[in-house]
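Residue-level structure breakdown
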Amino acid sequence: MTAPAPALRGTTVLSDRAVRKVAQGAAREAVTVAARDVSASATVAGRRASVGVQVALPYPTHLSTDARRVQEHVTSRTRALTGLQVPTVRVVVSRLAPDAAPPSPPADAEAVAGPAVRPPRRWWSQRRRPMGVLSGLAAAAAVVCTVDVFRVHAAGAQPWAWRRSAVTWLAGHGPGDPTVTLAGVGAALVGAWLLFMVVTPGRRRQLTLGTAGEGWSAAIDRPAVAALLRDAVADVPGTQDIKVRCGRRTVKVRGEVAFGDCASARAEARRTATDVLDSCGLRRPLRLRLVLRPADTWQAPAADAGQNPEPHHATLTTGEGDA
């Protein structure tokens, strides 16, 4: 009697799109926002998956705590439903929704701690579009040259006309030819551009968040930080026309004091803006530059500078690097 042959075991392959859908559904479970405010990305390499989600959080909220809660829930659900190893889920806070409720993951969600990885100072972009275009052009050139060489050596055909003309033109033009010089300069510029893309992060609009724990990574868009500061400073009595510009290292707040004591308004605005920046939980604290002036000093100066005294204003700077 012949023993039955062992059953052939197949292979299950999860596409990037499937893992992205799972991560996006898990992010919707963790936050109570509209579907248009939740998106995800995923890249599968073997048994590992690199996952990132973009969500909206309620306002006001503690960004570090809620972002970590979303990250832990997406990590645990993606691991449980796909069986893949998900080291760290990137969380991007796209906006703050005043009408949204605080995020609360389901009770049966398990908090899975990630590896002990220190939050990065900034996120690095994968540069998918430039790399896709460059790889496509290189692949097309390699295919054309390979086909031509194969025709000549295997089939005995004549080289294509463009190949013969290129060789003839190169034989008659040396390094001092203007066309050759321009081509070399262009190649050098392309190489410098590629080196610049390698050494720069690419995600300049995002600021990473820090936390007391380890094993997670989250970021917030700079416009979201600017919106928080603008709303907070505008609530200070007497202030109006608040304008905020948030950079990678410095945030500048400018506005007017319509009524009341200017010194008191400046001190209150400075305290409020500092509290808002501290509540954001940024890994790299931003330097705050705050300028508030009386409303009448925003007018254009007169032609005779001696008739109008210099407007009284003060500049307050806080954060790292200040004396």
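For the structure, check the block above.
Here we summarise the structure given alongside this text. (Residues numbered from 1 in each chain as written. Predicted model: local features only at pLDDT ≥ 70, side-chain atom pairs only at ≥ 80, totals over all residues. Heavy atoms only, no water.)

**Re the sheet that holds strand 4 (residues 206-208)**
Worth spelling out the cut-off: The pairing criterion for strands is at least two bridges between them, as found by DSSP. In DSSP terms, a helix is any run of H or I states spanning at least four residues, a strand is any run of E spanning at least two, and both are numbered starting from the N terminus. Here an axis means a line fitted to C-alpha atoms, over the contact stretch when the element is a helix, while the angle between two N-to-C directions is reported on a 0 to 180 degree scale.
Overall, mixed pairing links the five strands, which are arranged 1-2-3-5-4 in an open sheet. Of all strands in the sheet, those with a lone pairing partner are strand 1 (39-45) and strand 4, marking the two edges. Pairs of neighbouring strands in the sheet enclose a mean axial angle of 25°, with direction left out of account. Across eight bridges, strand 2 (residues 48-58) lies against strand 3 (residues 89-97) in parallel orientation. Within strand 3, the position partnered with Gln54 by the bridge is Val92.

**Observations concerning a nonpolar patch on the surface**
We count it as follows: Note on patches: the residues involved have over 30% relative accessible area and no salt bridge, like charges join within 9 Å, and the nonpolar side chains Val, Leu, Ile, Met, Phe, Trp and Tyr join within 5 Å. Surface accessibility in these figures is a Shrake-Rupley result with a 1.4 Å probe; residues are shielded only by whichever protein chains are displayed. When a carboxyl oxygen of Asp or Glu lies within 4 Å of a side-chain nitrogen of Lys or Arg, that pair is called a salt bridge. The cut-offs for exposure are 20% and 50% of the maximum accessible area for each residue type, with area from a 1.4 Å probe on protein chains only; residues under the lower value are buried, those over the upper are exposed, and the others partly exposed.
There is a patch of nonpolar side chains on the surface, built from Val143, Val144, Val147, Trp160 and Trp162 and spanning about 420 Å² of accessible area. When residues in the nonpolar patch are grouped by element, the largest group, three residues, is from helix 3 (residues 128-154). Summarising the element assignment, Val144 is placed in helix 3. A relative accessible area of 37% means that Val144 is categorised as partly exposed.

**Side note on the side chain of Thr239**
The cut-off we apply is this: Any pair of nitrogen or oxygen atoms within 3.5 Å is treated as a polar contact; in protein, a donor-acceptor pairing is required on top of that, and neighbouring residues in sequence qualify only through side-chain atoms on both sides. Any two residues whose heavy atoms approach within 4.5 Å are treated as being in contact.
Residue position: Thr239 is located in strand 6 (residues 239-246). Polar side-chain contacts of Thr239 include one of 2.9 Å to the backbone oxygen of Val233. At 2.8 Å, the side chain of Thr239 forms a polar contact with the backbone oxygen of Val236. Beyond its immediate chain neighbours, meaning those up to four positions away, Thr239 contacts Val233, Ala234, Glu256 and Leu292.

**Examining unusual backbone geometry**
Even without a glycine there, the phi angle at Asp241 is positive, about 50°. Summarising the element assignment, Asp241 is placed in strand 6. You can call Asp241 partly exposed: its relative accessible area is 46%.

**Re the pattern of salt bridges**
Following the criterion strictly, the structure yields seven salt bridges and no others. Across the pair Asp148 and Arg151 runs a salt bridge whose closest N-O atoms are separated by 3.5 Å. Pair noted here: Asp148 and Arg151 are both in helix 3, with a separation of three residues, about one helical turn. Judged by its relative accessible area of 1%, Asp148 falls in the buried class. The partner of Arg271 in a salt bridge is Glu268, with the nearest N and O atoms 2.4 Å apart. You can see Arg271 and its partner Glu268 sitting in helix 7 (residues 262-280), three residues apart, about one turn around the helix.

**Some words on the nonpolar core**
Note on soluble globular proteins: their nonpolar side chains tend to be buried together. Counted only if it meets this: Residues enter a nonpolar core if they are buried and are Ala, Val, Leu, Ile, Met, Phe, Trp, Tyr or Cys, with the set joined through side-chain atoms within 4.5 Å.
If you look at the biggest cluster of nonpolar residues, it comprises 54 residues, and the most contacted ones within it are Ile220 and Leu229. Among residues more than four places away in sequence, those in contact with Leu229 are Val244, Val251, Val253, Ala273, Val276 and Leu277.

**Topic: the side chain of Arg222**
The following threshold applies: In this charge count, Lys and Arg are treated as positive and Asp and Glu as negative; neither His nor the chain ends contribute.
Structurally, Arg222 is set in helix 6 (residues 222-234). No salt bridge is formed by the buried Arg222; the nearest opposite charge belongs to Asp221, separated by 8.1 Å. Every residue in contact with Arg222, bar those within four places of it in the chain, is listed here: Arg204, Arg205, Leu207, Cys246, Gly247 and Arg248.

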